[in-house]
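Residues per chain, in single letters:
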Amino acid sequence: MTDQRGRHLDDSLGLPLNGYAWLPALARRDGRSAVRTRILGQPALTLRGPDAVRFFYDERHVRRHGAIPEPVQGTLFGHRAVHTLDGADHRHRKAMFLSLLTDPTGVADLVDHVGTAWNEAIAKGGDGRRIVLFDEASRVLTKGVCGWAGVPLDDADIAPVARDLTAMVDGFATLGPRHWRARRARGRREDWLAGLVEQVRADVVIAPAGSVLEAVAGHRDRDDQPLDPQLAAVELLNVIRPTVAVSWFVAFTAHALHRWPEQRDHLRAGDVAYAVAFAHEVRRFYPFAPFVGGRAVTDLTWQGQHVPEGSLVLLDIYGQNHDPALWPDPYRFDPQRFVGRTPDPYELVPQGGADRRTGHRCPGEDVTVALLAAFAGWLARLDYTVPEQDLTISLRRIPALPRSRFAVTDVRLTAASPISGRPR
């Protein structure tokens, strides 16, 4: 948007007013995928598309340091987290996450832990009471991931820890009450895990061999120094919190199965390949992260647009995942898009794009897909009633969620047993 002199006008109110539709609306208005604007007085370039992903994740073009706003660090990622690093420092610390989150046996073990917690929860809920799936999934995921990660957690603590972990995600994109709940939740959980790390290092608590707790407590950065306890807590949360954030996708999965019940047949039959394709389509179709941002390393040019050094560069995740040039009929839910096809990391970008080994694409994507595919099967084989409720998903609310958080009643256990996540 420009004024009569051709100057780009500030569009800081666009995000709170339009939510996920903000950047796609800019692109439609200007008739191009790369649009210049201003945010809080700063020049910004918004872009999308496979070539844009390559441009954005090239460290010669865009850096993350100094780009993530403090309110996001203070709620979602944590201060000094791996997300804020660039170059060799980023690759060194990210290698720890990759070793923990991409091993197929480890991922399968995590799915098994969550599956056990799911069966226990559903067995308790088989008494006809109303179950809010988002809340139940958050508790199941909290119990499963903490058990898998080697983080001791009493049953009485599962619900409050789950509330705090989901609050961190729920409050990152607002400055209202949700934001302050997220900050308080992060403070509590960082203090808890920092104390646990200190106990592990003092041999008061023994971290299970090969566990996330052992790896983070023992990690040394490139300067051969261990992470200080508070930073170690931040990075422990950056394994646990994103796993519990799968709760959003569980609610979306239930929403999809309710809207398109024919999807249940493939999933009930135990078609693992279809379950994975279904997981990818849920991640593409439903809104989660609206965009990611960085800063221009130097003066740049992208598709004829000047990008001044230090200016903001925003990759439109929601817009790219609904771009008709990439996804024919993009607002049609169709898992067949991914059957027999490995998603292109420069096209499907719900958790960032490009090569996760060298760039900022989420190292836990395998975990998300494996858990979501498992939940799709578990829900498809679970008998329940969907009572009258508000299932509206507002694109103005970030992160989006069905308004009712998806409630079910009359849960019946006849087909609820999970498939083991272990490879056959």
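Coordinates for the structure precede this section.
What counts, and at which threshold
Residues numbered from 1 in each chain as written. Predicted model: local features only at pLDDT ≥ 70, side-chain atom pairs only at ≥ 80, totals over all residues. Heavy atoms only, no water. Helix = DSSP H or I, 4+ residues; strand = E, 2+ residues; numbered from the N terminus. Rg over C-alpha atoms; globule rule 2.2 N^0.38 Å. Buried < 20%, exposed > 50% of the residue type's maximum accessible area, 1.4 Å probe, protein only. Contact = heavy atoms within 4.5 Å. Areas by Shrake-Rupley, 256 points an atom, 1.4 Å probe, with all protein chains shown as cover. Lys, Arg positive; Asp, Glu negative; His and termini not counted. Charge placed at Lys NZ, Arg CZ, Asp CG, Glu CD. Axes fitted to C-alpha atoms, helices over the stretch in contact; angles between N-to-C directions. Parallel < 35°, antiparallel > 145°, perpendicular 65-115°, else oblique. Left-handed = near helix turned anticlockwise from the far one by under 90°. Nonpolar A, V, L, I, M, F, W, Y, C, P; charged D, E, K, R; others polar. Pairing = 2+ DSSP bridges. Polar contact = N/O pair within 3.5 Å; in protein donor to acceptor, adjacent residues only side chain to side chain.

1. What to know about the overall build of the protein chain
Helix and strand content of the protein chain: 16 helices and 10 strands. Computed over C-alpha atoms, the radius of gyration of the protein chain comes to 21 Å, within 12% of the 22 Å expected from 2.2 N^0.38 for 424 residues, which places it in the range of a compact globule. Projected onto its principal axes, the C-alpha coordinates of the protein chain cover approximately 65 × 55 × 40 Å. Going through the 424 residues of the protein chain one by one, you find that 54% of them count as buried. A separation threshold of at least 6 residues defines the contact pool for the protein chain, and within that pool the share at least 24 residues apart is 72%. With the model as given, the accessible surface of the protein chain reaches about 17,800 Å², and the carbon-plus-sulfur share is 52%. In the protein chain, 53 side chains carry a positive charge and 51 a negative one; their mean positions are 4 Å apart.

2. Some words on the packing of helix α14 (residues 272-285) against helix α16 (residues 365-380)
It is at 8 Å that the axes of α14 and α16 come closest, and there the two elements cross at 110°. In this view, α14 runs roughly perpendicular relative to α16, as classed from their interaxial angle. Taken as a pair, α14 and α16 cross one another with a handedness that is right-handed. Only Glu365, Thr368, Val369, Leu372, Ala373 and Ala376 of α16 make contact with α14, whose side of the interface consists of Ala275, Val276, Phe278, Ala279, His280, Val282 and Arg283. Of the residues that constitute the contact of α14 with α16, the class distribution is 9 nonpolar, 2 polar and 2 charged.

3. Section: the pairing of strand β10 (residues 407-412)
Pairing between strand β4 (residues 131-132) and β10: 2 bridges, direction antiparallel. Paired with Ile131 across the bridge in β10 is Val408. Relative to β10, strand β9 (residues 383-385) is paired through 2 bridges, and the arrangement is antiparallel. Among the inter-strand pairings, Asp383 is bridged to a residue of β10, identified as Arg412.

4. Regarding the sheet that holds strand β1 (residues 35-39)
Sheet architecture is open: 5 strands sit in the order β1-β2-β8-β5-β3, paired in mixed fashion. Whereas interior strands pair on both sides, the edge strands pair on one side only; in this sheet they are β1 and β3 (62-63). Sheet topology places β3 next to strand β5 (residues 291-296); 2 bridges connect them, and they run antiparallel. By the bridge assignment for β5, Arg63 is matched with Arg295. The strands touched by helix α2 (residues 22-30) within the sheet are β1, β2 (42-47), β5 and β8 (312-316), with β1 carrying the most contacts at an inclination of about 130°.

5. So, the side chain of Asp334
When you line up the elements, Asp334 lands in the loop between α15 (317-320) and α16. The exposure class of Asp334 is buried, given its relative accessible area of 17%. A polar side-chain atom of Asp334 sits 2.8 Å from a polar atom in the side chain of Arg332. Polar side-chain contacts of Asp334 include one of 3.0 Å to the backbone nitrogen of Gln336.

6. A word on the pairing of β1
Side chains Val35, Thr37 and Ile39 project from β1 onto a buried face, and the interleaved Arg36 and Arg38 project onto a face without burial. As defined by bridge partners, β1 adjoins β2 across 5 bridges and the pair is classed as antiparallel. Looking at the pairing, Arg38 lines up with Pro43 of β2. Linkage of β1 to β2, two consecutive antiparallel strands, is achieved through a turn of 2 residues, within which Leu40 is found at a positive phi near 50°.

7. Topic: unusual backbone geometry
Cis geometry is found at the peptide bond from Ile398 to Pro399, where omega equals -5°. Tracing the backbone shows Pro399 in the loop between β9 and β10. Look at Phe406: it is not a glycine, yet its phi comes out positive at around 65°. Along the polypeptide, Phe406 turns up in the loop between β9 and β10. Look at Phe406 and you get buried, because its relative accessible area is 0%. Not every positive phi belongs to a glycine, and Asp410 is a case in point at roughly 55°. Relative to the helices and strands, Asp410 resides in strand β10.

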